[in-house]
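Observations on chain architecture
Below are the chains, spelled out letter by letter.
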Amino acid sequence: MTRALEGYTVVDFSHVVAGPLATHFLALNGARVIKIETPTGDLLRNYSPNQEEWGMAPAFRGINIGKESVSLDLKAADGLAAAQRLVAEADIVVENFRPGVMERLGLGYEAAKALNPGVIYCSVSGFGQTGEMRDVAAIDQIVQSLSGLMKLSGNEGDPAMRIGFPIVDTYSGLLAAFAIQTAIIQKERGMVESQNVDVAMLDATLVMLSSVVNPLLMAGQQHVRTGNRGFSRSPTADTFACRTGEITVGAVEDHHIAKMLDVLGVAHLLDDPRFATRIDRLRNADAMRVHLAAAFETRDAAEWEDAFRAAGLSAARVMDIAETVAMPHLAERDLFLDIAGDRVLNAGFRLATGGPGTEQGAPELGAQNEITAETAV
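This structure is a prediction, so every number in the text was calculated from the model and none was measured.

1. Digging into the nonpolar core
In terms of nonpolar packing, the biggest core is built from 32 residues, with Ile 92 and Cys 122 touching the most fellow members. The element best represented in this core is helix H7 (residues 167–188), accounting for 7 residues. Discounting residues that sit within four places of it in the chain, Cys 122 has contacts with Val 93, Val 94, Glu 95, Ala 176, Ile 180, Val 197 and Val 199. Core analysis: the next-biggest nonpolar cluster, separate from the first, contains 22 residues, Cys 242, Val 249, Val 266 and Trp 304 among them.

Printed below as a string of structure tokens:
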């Protein structure tokens, strides 16, 4: 055994993204994950505009590799009995129904603990298991709206804009996986017998936004929307149109700014009292950007990228996802797994020994129903 969670069994009642992504990382780290699905399956199985992919949509396959599937009707006596037996033998249980649903089914934390006194039980929900909003329905986009996330990007006065992928679900799943592994350490150290993990998507989103939320809490600093300009608000950390393409540069420190302006051929800008110091540049950011934009338009983005990197500066062409995943660098990093004809993402980190991964693709619905043969639907 080399992967950290080999020998652990997870019974996973979650669906769509947030919960399944949490168990995805547990599976990549070696855990056996038994995915409990309704007789019609996880909704994510059909998240594809191509109907021929329904049942095993790429979005589903990508975050359910290495798992097993058992389809059960939890409202039926035999389905519930099968689920209870699986819970009794599990190390970890994960669910992401609205608070109260698992309790009504007879599979909530207290019921699971009665069946299995050492269980680690993780619930992922929109607003948590406590609080006045616990019963409010939520999906990723709703939390993006409520959390303020949709008013962070763009420029002042722009309409709110959803982040273009389920970022709330994604970060909530990552945080849930971290919380579960924290609970495992607590249990292994004898600190707890069992643990009830409560992950709220709204809480997770605000933690994800700590670079914005903490300055507000600590100093009353309101976030200002600055488009593509970086967190530093420096005009030299921004995205610029070039003769062809666009490029993002990230010069913040004085010596990097001096080198950047030299590469651009506009080093004289530092002699202008409007741009001489960091505070001057912040106060006159829009005026400085005009000069920088004109310089960038004289060459292609790829040429600027080469020139900045040769000077040891941070810069990158703006690329689309298809260009990015084709980068040879990523293949060398073992970021992708080739499984059952699919090329899918690995966990995103490397270990010298026992790193994440799996050789097993995503399961067909009910592929492991024999686990509970006498009661499986």
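2. Re the sheet that holds strand S6 (residues 195–200)
Across the sheet, which stays open at both edges, the 6 strands sit in the order S3-S2-S1-S4-S5-S6 with parallel pairing between neighbours. Looking along the sheet, the strands with just one partner apiece sit at the ends: strand S3 (67–71) and S6. Each adjacent strand pair in this sheet contributes to an overall mean axis angle of 20 degrees, direction not counted. Strand direction decides the pairing type here: strand S1 (residues 9–12) and strand S2 (residues 32–37), joined by 4 bridges, are parallel. Directly across from Thr 9, in S2, lies its bridge partner Arg 32. Of the strands in this sheet, strand S4 (92–95), strand S5 (120–125) and S6 are in contact with H7, which crosses S6 at around 160 degrees.

3. Overview of helix H8 (residues 201–208)
All of the buried residues in H8 are Met 201, Leu 202, Ala 204 and Thr 205. Angular distribution of buried residues about the axis of H8 spans 160 degrees; they occupy a single face of the element.

4. Remarks on the packing of aromatic side chains
Any aromatic ring pair is given by two values, namely how distant the centres are and how the planes are angled relative to each other. Counted by the stated rule, this structure contains 5 aromatic pairs. Both rings, one in Phe 240 and one in Phe 296, keep their centres 4.5 Å apart while their planes meet at 15 degrees; by these two values the pair is stacked. On the criterion of sequence distance, the pair formed by Phe 240 in strand S7 (residues 237–241) and Phe 296 in helix H12 (residues 285–296) is long-range, its members being 56 residues apart. With relative accessibility at 0%, the residue Phe 296 sits in the buried group. Between Phe 296 and Phe 308, the ring centres sit 5.9 Å apart and the planes meet at 40 degrees, which makes this aromatic pair tilted. With a gap of 12 residues between them, Phe 296 in helix H12 and Phe 308 in helix H13 (residues 301–310) connect regions that are remote in the sequence.

Calculation notes
Residues numbered from 1 in each chain as written. Predicted model: local features only at pLDDT ≥ 70, side-chain atom pairs only at ≥ 80, totals over all residues. Heavy atoms only, no water. Core = buried A, V, L, I, M, F, W, Y, C linked by side-chain atoms within 4.5 Å. Buried < 20%, exposed > 50% of the residue type's maximum accessible area, 1.4 Å probe, protein only. Helix = DSSP H or I, 4+ residues; strand = E, 2+ residues; numbered from the N terminus. Contact = heavy atoms within 4.5 Å. Pairing = 2+ DSSP bridges. Axes fitted to C-alpha atoms, helices over the stretch in contact; angles between N-to-C directions. Arc of directions from axis to C-beta. Phe/Tyr/Trp six-rings, centres within 6.5 Å; stacked < 30°, edge-to-face > 60°.

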